[in-house]
Amino acid sequence: VEFRGRRDGRHPLLIPSTKNNMVSGEGESPIRYQLVPVVVDLTHGSREQVMDDQPISYRVAAQELRREDKLRPFGAVDGERISDPRHYLYLEAKVSNQHSAVAAAARVKGEDFWRFGHLGRADYAISRDGWVRTTIELPAGAQPAEIGFECLVAPEKSWPLAGTCRVEAVAKVFFLDAEYRPRPSLWRLPRPVEIPAGRLRSFQVP
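This text gives an overview of the structure that appears in the document. Keep in mind that what you see is a predicted model, and the values were worked out from it rather than measured. (Residues numbered from 1 in each chain as written. Predicted model: local features only at pLDDT ≥ 70, side-chain atom pairs only at ≥ 80, totals over all residues. Heavy atoms only, no water.)

### Focus: empty space enclosed by the protein
Thought 1: Applying the stated criterion across every chain, the model contains 1 cavity of 30 Å³ or more.
Thought 2: There is about 60 Å³ of room inside the largest cavity.
Thought 3: As for the largest cavity, its lining consists of Leu-91, Ala-93, Val-95, Val-102, Ala-103, Ala-104, Ile-126, Val-132, Thr-134 and Phe-149.
Thought 4: Contributing elements (two or more residues each) for the lining of the largest cavity: β5 (88-98), β6 (100-108) and β8 (130-137).
Thought 5: A per-class count over the lining of the largest cavity returns 9 nonpolar, 1 polar and no charged. (1 Å grid on protein atoms, 1.4 Å probe; cavity = no way out; pocket = protein on both sides within 12 Å on 5 of 7 lines; lining within 4 Å. Points joined across faces, edges and corners; volume = space filled by probe spheres on them. Helix = DSSP H or I, 4+ residues; strand = E, 2+ residues; numbered from the N terminus. Nonpolar A, V, L, I, M, F, W, Y, C, P; charged D, E, K, R; others polar.)

In structure tokens:
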């Protein structure tokens with residue numbers, strides 16, 4: 001959409017216009033925020049690396065979720081609301097897809113079933129290539145015994161009826177601590193893996 005709003009020099013002046021923080025060039029506010037741009041090298045990580053480098057951003061995000069009433073109890077299904085950000089296992093991986101989409105999974109110690117990041121929905125699986133950040137909701141205090149990757153045929157593809165996922169690297173797997181700061185990484189992928197659609201590859205977490 002071509003921007004037709006006001007500018008301050010070359011800077012377009014934007015204002016939130018929806019409940020999920022889409023922005024518009026129309027509207028007024030007595031308060032203005034202007035963040036200092038930061039140059040970031042994304043050749044070895046996802047865009048969320050910016051948050052890891054500035055951990056206070058996780059706390060600010062959690063406060064915003066609470067203020068906007070976007071949090072729900074653990075394990076509940078409630079529209080687009082999410083659980084407390086500290087209930088998620090964060091996973092950063094480099095992936096490539098061939099007519100496919102990949103979903104991260106974790107099995108908690110003491111459980112005999114898997115929990116998936118895509119919540120069982122093929123359209124929530126990751127179908128793009130490159131570095132990505134995804135999460136898996138786990139019970140508070142739980143530790144993963146295994147981490148896995150499931151390969152699905154890309155949901156928008158009617159043909160071919162098969163695909164292949166490649167997980168080239170996993171840079172970090174972590175939880176947030178009580179203060180919303182990233183904890184040390186729990187695990188890294190030992191080697192790149194290819195996964196045909198319809199299969200899941202799993203790895204033990206020490």
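After that view of the structure, there is still more to cover.
### A look at helix α2 (residues 56-67)
Thought 1: Between its first and last C-alpha atoms α2 spans 17 Å; for 12 residues at 1.5 Å apiece the expected length is 16 Å, and the two agree.
Thought 2: Restricting attention to buried positions, one finds in α2 the residues Tyr-58, Ala-62 and Leu-65. Axial view of α2: buried residues confined to an arc of 60°, hence all on one face. Exposed positions of α2 whose direction lies more than 90 degrees from the buried face are Ile-56 and Arg-67.
Thought 3: For α2, the secondary structure elements touched by its buried residues are α1 (49-53), β5, β8 and β10 (164-174).
Thought 4: Downstream of α2 by a residue or two, Asp-69 has a phi angle that is positive, lying close to 55°. (Expected span 1.5 Å × (residues − 1). Buried < 20%, exposed > 50% of the residue type's maximum accessible area, 1.4 Å probe, protein only. Arc of directions from axis to C-beta. Contact = heavy atoms within 4.5 Å.)

### Points about the layout of surface pockets
Thought 1: The space that makes up the largest pocket amounts to roughly 1,700 Å³.
Thought 2: Mapped by element, the contributors of at least two residues to the lining of the largest pocket are α2, β5, β6, β7 (115-116) and β8.
Thought 3: Counting residues per element, the lining of the largest pocket draws most heavily on β8, which supplies 6 residues.
Thought 4: For the lining of the largest pocket, a count of residues per class yields 22 nonpolar, 9 polar and 15 charged.
Thought 5: Approximately 870 Å³ is the volume found for the second largest pocket.
Thought 6: Leu-14, Ile-15, Pro-16, Ile-31 and Tyr-33 are the residues nearest the centre of the second largest pocket, which is lined by 21 residues in total.
Thought 7: Secondary structure elements with two or more residues in the lining of the second largest pocket: β2 (11-12), β3 (15-16) and α2.
Thought 8: The residue inventory of the lining of the second largest pocket, partitioned by class, reads 9 nonpolar, 6 polar and 6 charged.

### Digging into the packing of aromatic side chains
Thought 1: Under the criterion given, the structure shown has 3 aromatic pairs.
Thought 2: Taking 6.1 Å as the distance between ring centres and 85° as the angle between the ring planes, the aromatic pair formed by Tyr-58 and Tyr-90 counts as edge-to-face. With Tyr-58 in helix α2 and Tyr-90 in strand β5, the pair connects residues that are 32 residues apart, well separated along the chain. The pair Tyr-58 / Tyr-90 is uniform in exposure class, with both members buried.
Thought 3: Summarising the aromatic geometry, the rings of Trp-187 and Phe-203 are spaced 5.6 Å apart at their centres and angled 40° between planes, so their arrangement reads as tilted. Here Trp-187, found in the loop between β10 and β11 (193-196), pairs with Phe-203, found in strand β12 (residues 200-204); they are 16 residues apart in sequence, far enough to count as distant.
Thought 4: Given a relative accessible area of 8%, Trp-187 falls into the buried group.
Thought 5: Taken together, the aromatic side chains of Tyr-58, Tyr-90 and Phe-174 make up a single cluster linked through ring pairs.
Thought 6: Lying over the aromatic face of Tyr-124, Arg-121 brings its terminal NZ or CZ to 4.4 Å of the ring centre. (Phe/Tyr/Trp six-rings, centres within 6.5 Å; stacked < 30°, edge-to-face > 60°. Lys NZ or Arg CZ within 6 Å of the ring centre and 35° of its normal.)

### Concerning the pattern of salt bridges
Thought 1: Inspection of every chain in the model, using the stated rule, returns 19 salt bridges.
Thought 2: Close ionic contact of Arg-133 with Glu-92 constitutes a salt bridge, the shortest N to O distance being 2.6 Å. Here Arg-133 is found in strand β8, whereas its partner Glu-92 is found in strand β5, with 41 residues between them in sequence. As far as the burial class goes, Arg-133 and Glu-92 line up, both buried.
Thought 3: Each of Asp-52, Glu-92, Arg-133 and Lys-172 takes part in a single network of salt bridges with overlapping partners. (Salt bridge = Lys/Arg side-chain N within 4 Å of Asp/Glu carboxyl O.)

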